[in-house]
Amino acid sequence: MPLTLIIGFVLRVLLALGIIWQILRGEKEADTQVIWLLFIALLPVVGLIAYCLFGINYRRDVVRERLHGRTLNLFGQMPEELGHGLFPESTPEKVDARFRPLAKLLRACGDGNRVYEGNSMEIITSGLRKRELLLEDIRKAQQFIHIEYFRFGNDKAGMEVRDALLQKVKEGVQVRFLNNNMIGRNIPRSYFRKMAKAGMEVLPYTHIHNGFRSFLMRINCQNHRKIVVIDGKVAYTGGMNLNDNYFYKWRDTHLRIEGPVVARLQASFIDSWVSSGGRLSHPLRDYFPLPEPIAWDAPLKDKCMQVVTDAAENQHPATLLGYEWILQNARDYVYIHTPYFVPPTSLLNALKSAALRGVDVRLILPKRVDTPLIGPANHSVYAECLAAGVRIFERSGAFIHSKSLVCDDYLSIVGASNLDMRSFFINSEVNSFIYDTQTALFGKSQFLKDEEGTMEWTLESWRNSRTWYQNMGSHFMRLFYRLL
């Protein structure tokens with residue numbers, strides 16, 4: 001055999017072993033690893049390219065240091081007394097003792113995931129209400145506005161917000177807009193050039209200028225957060241993006257917040273901004289005013305909150321671990337809204353386990369989703385959930401995009417994360433955990449209101465409604481989504 005053929009054969013074997021080692025050493029579930037190996041074996045070239053773009057696990061210290069090193073240096077320069085005031089160390093005694101282990105778990109997943117007390121908020125369940133509040137707060141801005149959104153529309157809603165921001169720039173207010181450009185590719189460049197020409201700082205989240213490794217990672221690992229911070233005093237976060245669907249058509253859940261926890265959302269934005277190549281024109285402390293007495297007559301006052309951020313490069317999937325803890329420790333009920341439901345095996349087992357031990361576990365999902373391929377993936381786990389006693393309700397009419405949870409009349413979650421692999425392991429996400437009875441009772445009443453007019457599936461009715469090819473399609477799409 002010629003020497004060149006031997007060398008070529010050895011190189012192919014080494015390459016194959018390297019790929020296998022890379023897949024097996026990742027932190028994905030074992031069945032996902034097997035699917036990747038099978039995919040690459042069947043379609044070597046396509047499978048390898050797909051794995052490099054979508055399959056590599058970026059939960060590595062070296063990637064985190066590269067992306068967030070500048071932010072860590074900035075916050076390391078913050079005066080110690082200011083840092084202690086803005087970023088508390090301990091879990092407040094106001095958090096019920098039963099839920100303090102959850103707060104400690106989330107904090108252990110990320111140093112920024114701290115509990116803040118003394119916050120006021122409104123839970124927004126109408127896009128029109130968010131439009132009203134957000135535009136009013138933008139008009140009142142005096143120093144700066146920071147905006148970070150997954151989707152920003154070239155439509156009526158997007159232009160309303162854009163025009164309000166341009167007016168504030170004319171008034172001398174600094175506006176920084178982090179553009180998730182991989183999702184907003186259909187928006188013409190002239191749209192953002194107009195913003196930049198007017199003096200707004202517009203920055204793409206994914207750009208080759210930030211380094212090839214970061215660029216390659218962010219092609220797949222998108223910024224799914226929704227954050228607005230105004231003057232360091234008012235913040236918005238939750239599930240609503242900025243386009244006509246969220247302002248005028250869909251049912252979603254969002255938060256308007258004042259109080260100490262605004263500093264946490266501000267820190268999250270600055271980290272995203274700086275890691276995307278952005279600069280700050282003033283010393284860091286200028287973006288973190290110490291909390292003032294809250295003048296706003298908020299519906300919910302003096303609440304304990306924990307804003308939790310996730311990203312592909314973080315060591316632990318905080319929100320996933322939080323959901324699992326809640327289901328493992330719930331006593332009476334767990335009610336969940338989610339539009340996309342393709343849970344990891346660990347979360348699926350936690351849902352079934354909670355229902356089997358008598359917890360009232362309910363899910364509200366849309367009857368039809370906004371992306372055709374996601375519907376079959378959602379349906380792939382219905383049967384085993386229903387068999388375990390999980391109650392599943394499908395809502396017709398306006399698409400329900402809300403991502404929220406309420407548990408045992410005390411704990412609430414309002415955030416950006418869906419119950420799927422992409423939200424828990426791939427995208428950058430932000431979710432608010434709220435420790436308070438009044439807030440939970442509001443969320444519970446809203447869930448029961450949304451439940452009215454829905455269709456509840458039973459195991460028998462679900463099985464009778466399905467054809468063999470629907471079941472096959474659902475399980476195929478479930479495999480596909482597990483690769484992400």
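Just above, that's the structure.
Residues numbered from 1 in each chain as written. Predicted model: local features only at pLDDT ≥ 70, side-chain atom pairs only at ≥ 80, totals over all residues. Heavy atoms only, no water.

Description of the overall build of the protein
Move 1: The helix and strand tally for the protein stands at 20 helices and 17 strands.
Move 2: Expressed as a percentage of the 484 residues in the protein, the buried residues total 56%.
Move 3: For the protein, contacts bridging at least 24 residues in sequence account for 81% of all contacts bridging at least 6.
Move 4: Accessible area of the protein: about 21000 Å², with a carbon and sulfur share of 58%. (Helix = DSSP H or I, 4+ residues; strand = E, 2+ residues; numbered from the N terminus. Buried < 20%, exposed > 50% of the residue type's maximum accessible area, 1.4 Å probe, protein only. Contact = heavy atoms within 4.5 Å. Areas by Shrake-Rupley, 256 points an atom, 1.4 Å probe, with all protein chains shown as cover.)

Focus: the packing of helix α8 (residues 156-170) against helix α9 (residues 189-197)
In helix packing, the relevant descriptors are the interaxial angle and the interaxial distance, both defined with respect to the helix axes.
Move 1: Look at α8 against α9: their axes get within 10 Å of each other, and the N-to-C directions meet at 20°. It follows that α8 is roughly parallel to α9 by the angle criterion. Note on packing geometry: the crossing formed by α8 with α9 is left-handed. Across the interface between the two elements, G158, M159, R162 and L166 from α8 touch Y191, K194 and M195 from α9.
Move 2: Looking at the contact of α8 with α9 residue by residue, the classes come out as 4 nonpolar, 1 polar and 2 charged. (Axes fitted to C-alpha atoms, helices over the stretch in contact; angles between N-to-C directions. Parallel < 35°, antiparallel > 145°, perpendicular 65-115°, else oblique. Left-handed = near helix turned anticlockwise from the far one by under 90°. Nonpolar A, V, L, I, M, F, W, Y, C, P; charged D, E, K, R; others polar.)

Let's talk about α9
Move 1: Considered for burial, the residues of α9 that qualify are Y191, F192 and M195. For α9, the arc enclosing every buried residue in end-on projection is 85°, short of the 170-degree limit, so these residues lie on one face. For α9, the exposed residues set more than 90 degrees away from the buried face come down to R189, R193 and K197.
Move 2: Turning to α9, the residues buried within the fold contact α8, β3 (174-179) and β4 (201-204).
Move 3: Among the residues trailing α9, G199 stands out with phi positive, at a value near 110°. (Arc of directions from axis to C-beta.)

A short note on the nonpolar core
Move 1: Among the nonpolar cores identified, the biggest contains 46 residues, and L102, I326, V334, F341, I392, F433 and Y435 are the most heavily contacted of them.
Move 2: In this view, F433 contacts L102, L106, C304, M305, Q306, V308, I326, L411, S412 and I413; residues no more than four positions away in its chain are not counted.
Move 3: The next biggest cluster of nonpolar side chains, apart from the first, holds 37 residues, and it includes I124, I187, F247 and V369. (Core = buried A, V, L, I, M, F, W, Y, C linked by side-chain atoms within 4.5 Å.)

Structural notes on the packing of aromatic side chains
Move 1: All chains considered together, the criterion is met by 19 aromatic pairs.
Move 2: Pairing F99 with W325 gives two aromatic rings, centres 5.9 Å apart and planes at 55°, and the pair type is tilted. Here W325 lies in helix α13 (residues 318-329) and F99 lies in the loop between α5 (80-86) and α6 (100-109), a separation of 226 residues in the sequence. One exposure class covers both F99 and W325, and it is buried.
Move 3: On the basis of an interplanar angle of 50° and a centroid distance of 4.6 Å, the ring pair of Y382 and W462 is categorised as tilted. With Y382 in helix α16 (residues 382-388) and W462 in helix α19 (residues 459-465), this pair connects stretches of sequence that are 80 residues apart.
Move 4: Taking the relative accessible area as the measure of exposure, Y382 reaches 0% and is therefore buried.
Move 5: Lying across the ring of Y191, R162 places its NZ or CZ 4.5 Å from the centre. (Phe/Tyr/Trp six-rings, centres within 6.5 Å; stacked < 30°, edge-to-face > 60°. Lys NZ or Arg CZ within 6 Å of the ring centre and 35° of its normal.)

None of this, on its own, says anything about what the molecule does.
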